[in-house]
Amino acid sequence: MPANLTPEYLQAEEDFRKATTIEEKIEALQRMLALLPKHKGTERIQADLKRRLAKLKEMEQQQRARKGGGADPFYVPRHGAGQVIAVGFPNVGKSALLSALTGVPLEVADYPYTTQRPYPVMMPYENLQIQLVDTPPIVDEVEPAFAGMVRRADEVLLVVDLSTDDCFDQAEALLKGFEERRVKLVREPVNDNPANPVVERSAILVGNKLDAPEAEERFILLQETYGERLPMIAVSAKERVGLDELKRMIFEGLRIIRVYSKPPGKEPQLDKPFVLKKGATILDFAEEVHRDFPERLKYARVWGSAEFPGQPVSKDFVLQDGDIVELHV
């Protein structure tokens, strides 16, 4: 049976070949595993990727041990279209959830403290890759290291356990704990500069283990308390329920748009979107394409959100997700 490898997978494979560090190789392998079509024809490829990934993780741990732990263990380099930090108390199923969202095998067990340090994985979403970061469990309080991770990130997943009445205390403790560390978790951030004394971050309250008895009733009660403050969703990582909707919510919470370049006289380049923040203009897009373009730009044409296809627009025209832009310099 043919593997039918996608262009995105082949790009990740090329990135792996070009990678010069263990971290870059691990990240590329994780993307390959997530993007690999899952069927009988790819079973051997899946097994080989998992074997290589396990070996590289072991090498990474040995490398960290030799360095003596001098680097900040809670610093995670950013990759992809956005960085999303998953936090929660012990045994709420964070690792199982991120594994289900990404297709990357994480260490999952039915006992707490399986995750010992932050671990990034890549989640495919349509034609993007979004970085999700699994974290050690929060035990008694939100420590400064967790607050630092969230300050540097774009979005947060607050994961609570719907299989127990503790989910109510978990949600309250997470929100209050981060606020005490001057990180306010909200639906629509306004004050989102990491340098600000109090920073706002986009967050989603995720109730995991929806397959448990009385989980739906607990989630309804959670919605009554927190539904106005945060977007919320109930999922089951085990039964793979609600995952597609959660992916969509994660994308929307990043407040980004995808814009495609169309060279004059040629077809648009739909395989490689430029990722910009919501509210970005033609000038912002021009700067992403080339740093000299904003000064040299004469005009632009837009397909998508413009009134008619190929409409000439001003430099301050606000772009929307999916727009195609032709720059004339």
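Residues numbered from 1 in each chain as written. Predicted model: local features only at pLDDT ≥ 70, side-chain atom pairs only at ≥ 80, totals over all residues. Heavy atoms only, no water.

Backbone geometry places Asn 91, a non-glycine residue, at a positive phi of 65 degrees. The topology assignment puts Asn 91 in the loop between β1 (83-88) and α4 (94-102). At Lys 209, a position not held by glycine, the phi torsion is positive, near 70 degrees. Residue classification places Lys 209 among the partly exposed positions, given a relative accessible area of 22%. (Helix = DSSP H or I, 4+ residues; strand = E, 2+ residues; numbered from the N terminus. Buried < 20%, exposed > 50% of the residue type's maximum accessible area, 1.4 Å probe, protein only.)

This part takes up the packing of aromatic side chains. Tallied over the entire structure, the rule returns two aromatic pairs. Their ring planes at 20 degrees and their centres at 5.0 Å tell us that Tyr 125 and Phe 251 sit as a pair that is stacked. Here Tyr 125, found in strand β2 (residues 119-125), pairs with Phe 251, found in helix α8 (residues 243-253); they are 126 residues apart in sequence, far enough to count as distant. Pair check on accessibility: Tyr 125 and Phe 251 agree, each one buried. Ring centres of Phe 274 and Phe 285 lie 5.3 Å apart, and the angle between their planes is 85 degrees; on these two criteria the pair is classed as edge-to-face. Here Phe 274 is found in strand β9 (residues 274-277), whereas its partner Phe 285 is found in helix α9 (residues 282-289), with 11 residues between them in sequence. Its relative accessible area of 21% is what places Phe 274 among the partly exposed residues. Just above the ring of Phe 16 sits the side chain of Lys 25; from NZ or CZ to the centre is 5.0 Å. (Phe/Tyr/Trp six-rings, centres within 6.5 Å; stacked < 30°, edge-to-face > 60°. Lys NZ or Arg CZ within 6 Å of the ring centre and 35° of its normal.)

Another aspect to go through is the pairing of strand β8 (residues 256-261). Counting buried residues in β8 gives six out of six residues, a clear majority hidden from the surface. Sheet topology note: the β8/β9 ladder contains four bridges and is antiparallel. From the neighbouring strand, Ile 256 faces β9, where its bridge partner is Lys 277. In the sheet, β8 pairs with strand β12 (residues 324-328) via two bridges, with the strands oriented parallel. When the bridges of β12 are listed, Tyr 260 appears paired with Ile 324. (Pairing = 2+ DSSP bridges.)

Take the sheet that holds β12 next. Taken together, five strands build an open sheet; the order of strands is β9-β8-β12-β10-β11 and the sheet is mixed. Each of the sheet's edge strands pairs with one partner strand only, and the pair in question is β9 and β11 (311-313). Strand after strand, the sheet turns through a mean of 40 degrees between neighbouring axes, direction not considered. One ladder, built from three bridges, connects strand β10 (residues 299-303) with β11; its direction is antiparallel. By the bridge assignment, Val 302 is partnered in β11 with Gln 311. (Axes fitted to C-alpha atoms, helices over the stretch in contact; angles between N-to-C directions.)

Our next topic: the environment of Leu 35. Mapped onto the elements, Leu 35 comes out in helix α2 (residues 22-35). Residue Leu 35 is classed as buried on the basis of its relative accessible area, which comes to 16%. A C-alpha to C-alpha distance of 21 Å links Leu 35 and Leu 254, two positions 219 residues apart in sequence. The residues contacting Leu 35, other than those within four sequence positions of it, are Thr 6, Glu 8, Tyr 9, Ala 12, Pro 124 and Gln 129. (Contact = heavy atoms within 4.5 Å.)

Applying the stated criterion to the full structure yields 19 salt bridges. In this structure, Glu 172 engages Lys 176 in a salt bridge whose closest nitrogen and oxygen atoms are separated by 3.4 Å. One end of the pair, Glu 172, and the other, Lys 176, are both in helix α6 (residues 166-180), four residues apart, so they sit about a helical turn from each other. We classify Lys 176 as partly exposed; its relative accessible area is 49%. (Salt bridge = Lys/Arg side-chain N within 4 Å of Asp/Glu carboxyl O.)

For the rest of this paragraph, the subject is α8. Of all the positions in α8, only Leu 243, Leu 246, Lys 247, Met 249, Ile 250, Phe 251 and Gly 253 are classed as buried. Downstream of α8 by one or two residues, Arg 255 has phi in the positive range, about 55 degrees.

Mapped onto the fold, Glu 155 is located in strand β4 (residues 155-161). Among the residues examined, Glu 155 registers a relative accessible area of 0% and is labelled buried. C-alpha separation for the pair Glu 155 and Gly 279, spaced 124 residues apart in sequence, amounts to 18 Å. For Glu 155, the contacting residues outside a window of four places in its chain are Gln 83, Val 84, Ile 85, Ser 202, Ile 204, Met 249, Ile 250, Gly 253 and Leu 254.

Once that is clear, we can look at the side chain of Ser 99. Looking at where Ser 99 falls in the secondary structure, it is placed in helix α4. Using a relative accessible area of 19% as the deciding quantity, one classes Ser 99 as buried.

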